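Chain and residue survey
So the chains spell out like this:
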Amino acid sequence: MSATIKDVALLAGVSTTTVSHVLNKTRFVAPATRERVLKAANELHYAPSAVARSLKVKTTKSLGMLVTTTLNPFFAEVVKEVERQCYQQGYTLVLCNTDGELEKTNAYLMMLAQKRVDGILVMCSEYDDSLFSAVIGKRDLPMVVMDWGPSGDYVDRIQDNSVKGAHLAVQHLVEQGHEAIAYIGGPLEKLPARQRYDGFLEAMHEAGLPVVPEWIIESNFEFEGGKLGMRRLLTSPALPSAVFIGNDAMAMGAMSEAQLSGVSIPETLSVVGYDNCFYSAYLTPPLTTIDQPKRRLAEQAVASMIERIDNPRQNGRLIMLEPDLVIRSSVKTMARC
Ligand code: RIB
């Protein structure tokens with residue numbers, strides 16, 4: 001007959017609660033005790049029945065995550081950190097790529113609820129408010145929204161302070177002597193894109209610089225969108241000396257298009273991006289950008305989720321994370337006239 005949690009506790013000389021905490025990593029246990037429990041579980045070939053555990057404590061120790069994945073590595077970097085946090089907290093992560101499709105988002109939401117995940121992390125744009133409130137609200141299913149997405153009374157939202165990040169980017173260009181500054185941004189129906197545009201306008205106004213309509217281009221946060229945005233910018237009657245671009249993926253596409261068109265960076269055109277994705281340091285020239293604290297975003301999201309699992313009806317919070325300027329070599333210092 002297979003060993004039970006009581007057998008393990010007896011052999012290790014501890015309570016069944018201690019065995020549970022050690023195996024589920026739900027509480028700190030002194031290393032010596034932890035070793036005794038793991039040794040006993042190993043000797044008895046103990047494998048707790050996940051179903052039995054979930055039925056007993058009404059938890060599956062699993063979290064769902066809805067994420068908009070495109071070819072944009074920003075999402076992959078955040079997911080990697082979320083997965084690491086889940087593992088450290090003893091949770092498995094069920095990752096659902098919505099590809100920005102509403103139907104897929106809704107289907108995954110229903111699937112996660114049926115799988116009885118303990119909570120849902122959301123980092124995506126498309127969502128159906130009524131379905132979210134039906135699935136989340138009815139089941140008291142804890143939800144934490146990362147970056148941007150649905151809101152609710154009992155939903156924690158963790159967001160980058162994108163207004164400040166954009167302000168830092170433009171302020172840096174102004175401090176380097178640029179006065180003719182363009183903007184290629186994300187889709188304005190998405191909150192981070194609106195906030196970065198607001199931060200751009202705020203910093204330009206503060207510096208007393210003109211916002212030239214031909215140099216304001218709304219794109220789609222994708223590599224190709226940056227390329228097409230730069231192609232459009234290069235057709236304007238006069239070139240700016242610098243451009244702030246709303247994320248690193250678009251910045252990479254824009255830089256490629258500029259260089260293929262014979263525009264040298266930063267000699268002719270300076271560029272600042274946003275996200276500080278891992279590849280931005282390897283571009284030619286390495287990209288000056290705004291660092292979104294991806295690890296802190298993941299740590300805060302999982303920590304908030306675990307708190308919310310214990311207290312689903314805790315009022316929702318808005319937690320802002322502060323971005324930083326990362327200076328590399330894609331911005332030229334202009335000669336002071
Ligand atoms: O790069 C993708 C962008 O979309 C990031 O800046 C992030 O904020 C997400 O909203």
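Residues numbered from 1 in each chain as written. Predicted model: local features only at pLDDT ≥ 70, side-chain atom pairs only at ≥ 80, totals over all residues. Heavy atoms only, no water.

So, the overall build of the chain
Note the following rule: For helices the rule is a DSSP run of H or I covering at least 4 residues; for strands it is a run of E covering at least 2, with both sets numbered from the N terminus onward. Working definition: with a 1.4 Å probe on protein chains only, accessible area under 20% of the residue-type maximum means buried, over 50% means exposed, and in between means partly exposed. In this description, contact between two residues means that some pair of their heavy atoms is separated by no more than 4.5 Å. Each accessible area is a Shrake-Rupley estimate made with a 1.4 Å probe; only the visible protein chains count as cover when residues are assessed. The sign given to each residue is positive for Lys and Arg and negative for Asp and Glu; His and the chain ends receive no count. The atoms used to mark charge sites are NZ of Lys, CZ of Arg, CG of Asp and CD of Glu.
Tallying secondary structure elements over the chain gives twelve helices and twelve strands in all. C-alpha extents for the chain along the principal axes are approximately 85 × 45 × 35 Å. The proportion of buried residues among the 337 residues of the chain is 50%. Long-range contacts, defined here as pairs at least 24 residues apart, represent 73% of the contacts in the chain between residues at least 6 apart. When the accessible area of the chain is evaluated, it comes to approximately 15,900 Å², of which 55% is carbon and sulfur surface. Each charge sign in the chain was given a centre, from 34 positive and 38 negative side chains, and these centres are 10 Å apart.

Remarks on the site of the ligand
We apply this condition: Throughout, near means a residue has at least one heavy atom within 4 Å of the molecule or strand. Polar contacts here mean pairs of N or O atoms no more than 3.5 Å apart (in protein, one a potential hydrogen donor and the other a potential acceptor; neighbouring residues in sequence count only if both atoms are side-chain atoms). Basically, the charged four are Asp, Glu, Lys and Arg, the nonpolar ten are Ala, Val, Leu, Ile, Met, Phe, Trp, Tyr, Cys and Pro, and anything else, Gly included, counts as polar. A domain assignment, automatic or from a database, supplies the domain bounds used here.
Neighbouring the ligand are N72, F74, D147, W148, P192, R196, F221, N247, D275 and Q292. Within the side chain of D275, an N or O atom sits 2.6 Å from an oxygen atom of the ligand. Between Q292 and the ligand, the recorded distance is 2.9 Å, taken from a side-chain N or O atom to an oxygen atom. The protein chains hide 99% of the 270 Å² of surface that the ligand would expose on its own. Here the residues of the shell around the ligand are counted per class, giving four nonpolar, three polar and three charged. Residues lining the shell around the ligand come from more than one domain, with at least three contributed by each of domain 2 (62-160 + 294-322) and domain 3 (162-292).

Quick word on the environment of G149
As for its placement among the helices and strands, G149 is situated in the loop between β4 (143-146) and β5 (155-160). Dropping the residues within four chain positions of it, G149 is found in contact with C124 and Y127.

Here's the deal with the sheet that holds β4
Applied cut-off: Two strands qualify as a pair provided that DSSP identifies no fewer than 2 bridges between them. Fitted lines through C-alpha atoms give the axes, limited to the stretch in contact for helices. The angle between two N-to-C directions lies from 0 to 180 degrees.
Pairing is parallel in the open sheet, where six strands are placed in the order β2-β1-β3-β4-β5-β11. Edge positions in the sheet fall to β2 (92-97) and β11 (318-321), since each has one partner strand and no second. Looking at each pair of strands side by side, their axes are set apart by 20° on average, direction ignored. In this structure, β4 lies alongside β5, joined through four bridges in parallel fashion. Bridging from a neighbouring strand, M143 pairs with V155 of β5.

A word on the domain arrangement of the chain
The condition is simple: The quantity reported as buried area is the accessible area (1.4 Å probe) lost by two parts once they are put together, taken as the sum for both. A pair is scored as a salt bridge if a Lys or Arg side-chain nitrogen falls within 4 Å of a carboxyl oxygen belonging to Asp or Glu.
You can read the domains of the chain as domain 1 (5-57), domain 2 (62-160 + 294-322) and domain 3 (162-292). For domain 2 and domain 3, the distance between their C-alpha centroids amounts to 29 Å. With 13 residues of domain 2 at the interface, the matching set in domain 3 holds 20 residues. Together domain 2 and domain 3 conceal approximately 1,400 Å² of surface at their shared face, both sides included; 49% is due to carbon and sulfur atoms. Interface area lost by domain 2 to domain 3 is led by W148, D160 and K294, which between them contribute 40%. In this assembly, domain 2 and domain 3 are joined by three salt bridges. For R196, the salt bridge is made with D160, and the minimal N-O distance between the two is 3.7 Å. Where domain 2 touches domain 3, the interface holds eight residue pairs in polar contact (both at pLDDT 80 or more).

Focus: the sheet that holds strand β9 (residues 270-272)
With respect to topology, four strands assemble into an open sheet ordered β7-β6-β8-β9, the strand pairing being parallel. Every other strand in the sheet has two partners, leaving β7 (216-218) and β9 as the edge strands with one partner each. Strand-to-strand twist across the sheet, computed as the mean angle between neighbouring axes with direction ignored, equals 15°. Summarising the sheet, strand β8 (residues 242-245) and β9 pair through three bridges and their orientation is parallel. Bridge assignment links A242 to a residue of β9, and that residue is S270. Docked against the sheet, helix α9 (residues 191-206) engages β6 (181-185), β7 and β8, running at close to 170° with respect to β6. Sheet strands touched by helix α10 (residues 223-233): β6, β7 and β8. Its angle to β7, the strand with the most contacts, is close to 150°.

A look at helix α3 (residues 31-43)
Test applied: Each helix should span, by expectation, one fewer than its residue count multiplied by 1.5 Å. In this description, the arc belongs to the directions extending from the helix axis to the C-beta atoms.
Across its 13 residues, α3 extends 18 Å between first and last C-alpha, which sits within 8% of the 18 Å expected from 1.5 Å per residue. By the burial criterion, the buried members of α3 are T33, V37, A40 and A41. Relative to the axis of α3, the buried residues are bounded by an arc of 100° and lie together on one face. More than 90 degrees from the buried face of α3, the exposed residues found are P31, A32, K39 and N42. The inward-facing, buried residues of α3 abut α1 (5-12) and α2 (16-24). Just downstream of α3, H45 is the residue with a positive phi angle, here 50°.

Here's the deal with the packing of aromatic side chains
Heads up, the condition is: Working definition: a ring pair exists when centres of Phe, Tyr or Trp rings (six-membered ring for Trp) sit within 6.5 Å. Plane angles under 30 degrees give stacked, over 60 give edge-to-face, the rest tilted. Remark: a charge is flagged as sitting over a ring if the NZ atom of Lys or the CZ atom of Arg is within 6 Å of the ring centre and within 35 degrees of the ring normal.
For the structure shown, the criterion picks out eight aromatic pairs. Here F74 and F75 contribute two aromatic rings whose centre-to-centre distance is 5.5 Å and whose plane-to-plane angle is 85°, an arrangement assigned as edge-to-face. Per residue, the accessibility class of F74 equals that of F75, and both read buried. Here a set of aromatic residues connected by ring pairs shows up, and it is made of Y183, Y197, F200, F244 and Y274. We note R196 situated over the ring of Y274; from NZ or CZ to the ring centre the distance is 3.9 Å.

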